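So you can see what is in the structure, the chains are spelled out below.
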Amino acid sequence: MSTVNPLAREISAKIVYYGPGLSGKTTSLQQIHASVRPETRGELVSLSTEGDRTLFFDFLPLKIEQVRGLTLRLQLYTVPGQVFYDATRKLVLNGADGVVFVADSQPAARDTNAESIDNLAQNLGELGISLAEFPHVLQYNKRDLPGALSVEALRAALNRHGAPEIETVASRGLGILAGLKEITRLVVRDLRARQPARRATPRPLELSGGGSELASQLSAAAEASAPADPAALVPVSFSRLFPGEGAAIAATEHALRERTYGEAARIAADGVAAVLSRTSAEDGRAARLGLDPQELLRLSRIAATPDEAVTERDALFALYVLVAAKVKASARSAGR
Ligand SMILES: Nc1nc2c(ncn2[C@@H]2O[C@H](COP(=O)(O)OP(=O)(O)O)[C@@H](O)[C@H]2O)c(=O)[nH]1
Ligand SMILES: [Mg+2]
């Protein structure tokens, strides 16, 4: 959900990397994480504790500051590609402002690519959104592999609405930032179009100009967008993945923003305990949620640490465990 805070001059947008399993979504986020300056990014949180497949999602927050005081916050997510994680995909897609569809160029992935774009259109449709109208770009990934399908073939199969296309080799970082710039451009343009009455002095959105740095290009895109209705100010939050039951997450995030890390950790630990107790009441086996015992142990140690010794990193970890527990519980109750 895009938000613009005219006082803080902040724009916040959620971008989801969508596509079939193993197409290169997680690798794309890892490359972005590796190639932006450390002060620009938060931690890459990967909920992928079982082997190297993404079971739930990856999350990478980027915060791009501009000299004139404008801040662009991007929340990048991936979705799990496997067919049976549709509930998680819907949760992650909820409130998205744009999608980067990561297709696998290998001929063997022809069917799963097509199923995944159909699934994207379907899930957006359930949110009342038409893919045709929704900011999206196509990342044709794994261009390095011999036998890769031609761009024309991929376009014919997947690009139904004339979206921008980028050829990528995510494992080497090729084209990934170009894809991010392009989707940012579309998202900011879309945000502006939805608020025509409040449009600021229009400026050309030129993101593809040669060689200049990602941060300044993204900021330029943000600069060109309009201030919003203050009534529409809603901070992006993990709590939105769980409509009506994200209070503990929102409270943890609030404490994190206030830098009261000890409090954040305690709230998160209580929230995890609540999820676990609900689960065990149901089936007597909290462990069936599949939470990592090591992580639960670390969380309980953090929650027992005196406030002044709890770090931001600890509190973020606590938030991650809480979100993981919520996601696992809701995926489970969605009956997958
Ligand atoms: N050859 C090649 N391998 C890639 C490329 N991008 C990702 N991979 C590999 O494909 C596998 C799946 O990637 P991953 O990012 O985990 O896929 P995800 O399921 O979409 O998150 C990993 O082994 C990656 O190293 C690419 O452009 N070329
Ligand atoms: Mg993944």
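Structure: above.
Here's a quick rundown of the structure. Everything numeric in this text was worked out from a predicted model, so none of it was measured.

## Let's talk about the overall build of the protein
When helices and strands are counted, the protein shows 10 helices and eight strands. Within the protein, the proportion of its 336 residues that are buried is 49%. Of the contacts made within the protein by residues no fewer than 6 positions apart, 69% connect residues no fewer than 24 positions apart. Within the structure as shown, the protein displays about 15,200 Å² of accessible surface, and the carbon and sulfur contribution to it stands at 52%.

## Here's the deal with the site of ligand 1
Within the structure, ligand 1 sits among 16 residues, and L22, K25, T26, T27 and D144 are positioned closest to it. Within the side chain of T27, a nitrogen or oxygen atom sits 2.5 Å from an oxygen atom of ligand 1. With the chains in place, 75% of the 580 Å² that ligand 1 exposes on its own is no longer accessible. Here the shell around ligand 1 takes three residues from helix 1 (residues 25-35), the largest share from any one element.

## Observations regarding helix 1
Burial in helix 1 covers these residues: K25, T26, S28, L29 and I32. An end-on view of helix 1 places all buried positions within 160° of arc, on one side of the element.

## Quick look at the packing of helix 7 (residues 247-257) against helix 10 (residues 312-333)
Angle between the axes and distance between the axes are the two parameters that describe a pair of packed helices. Across the interface, helix 7 lies against helix 10 with an axial gap of 10 Å and an inter-helix angle of 170°. One finds that helix 7 runs roughly antiparallel with respect to helix 10. Relative to helix 10, the crossing made by helix 7 is left-handed. Taking contact as the criterion, the partners of A248, I249, T252, E253 and L256 in helix 7 are, on helix 10, E312, A315, L316, L319, L322, V323 and K326. When the residues that make up the contact of helix 7 with helix 10 are grouped by side-chain class, the tally is eight nonpolar, one polar and three charged.

## As for the packing of helix 2 (residues 86-93) against helix 3 (residues 110-126)
One way to put it is that helix 2 packs onto helix 3 with a least axis distance of 10 Å and a crossing angle of 60°. Taken together, helix 2 and helix 3 sit at an angle that is classed as oblique. Relative to helix 3, the crossing made by helix 2 is right-handed. Touching D86, R89, K90 and L93 of helix 2 are N119, L120, N123, L124 and E126, all from helix 3. Grouping the constituent residues of the contact of helix 2 with helix 3 by class yields three nonpolar, two polar and four charged.

## Things to note about the side chain of S239
You can see S239 is positioned in the loop between helix 6 (214-223) and helix 7. When near neighbours in sequence (up to four residues on either side) are disregarded, S239 contacts G246, I249, A250 and E253.

Reading the values: the criteria
Residues numbered from 1 in each chain as written. Chains lettered and ligands numbered in written order. Predicted model: local features only at pLDDT ≥ 70, side-chain atom pairs only at ≥ 80, totals over all residues. Heavy atoms only, no water. Helix = DSSP H or I, 4+ residues; strand = E, 2+ residues; numbered from the N terminus. Buried < 20%, exposed > 50% of the residue type's maximum accessible area, 1.4 Å probe, protein only. Contact = heavy atoms within 4.5 Å. Areas by Shrake-Rupley, 256 points an atom, 1.4 Å probe, with all protein chains shown as cover. Near = heavy atom within 4 Å. Polar contact = N/O pair within 3.5 Å; in protein donor to acceptor, adjacent residues only side chain to side chain. Arc of directions from axis to C-beta. Axes fitted to C-alpha atoms, helices over the stretch in contact; angles between N-to-C directions. Parallel < 35°, antiparallel > 145°, perpendicular 65-115°, else oblique. Left-handed = near helix turned anticlockwise from the far one by under 90°. Nonpolar A, V, L, I, M, F, W, Y, C, P; charged D, E, K, R; others polar.

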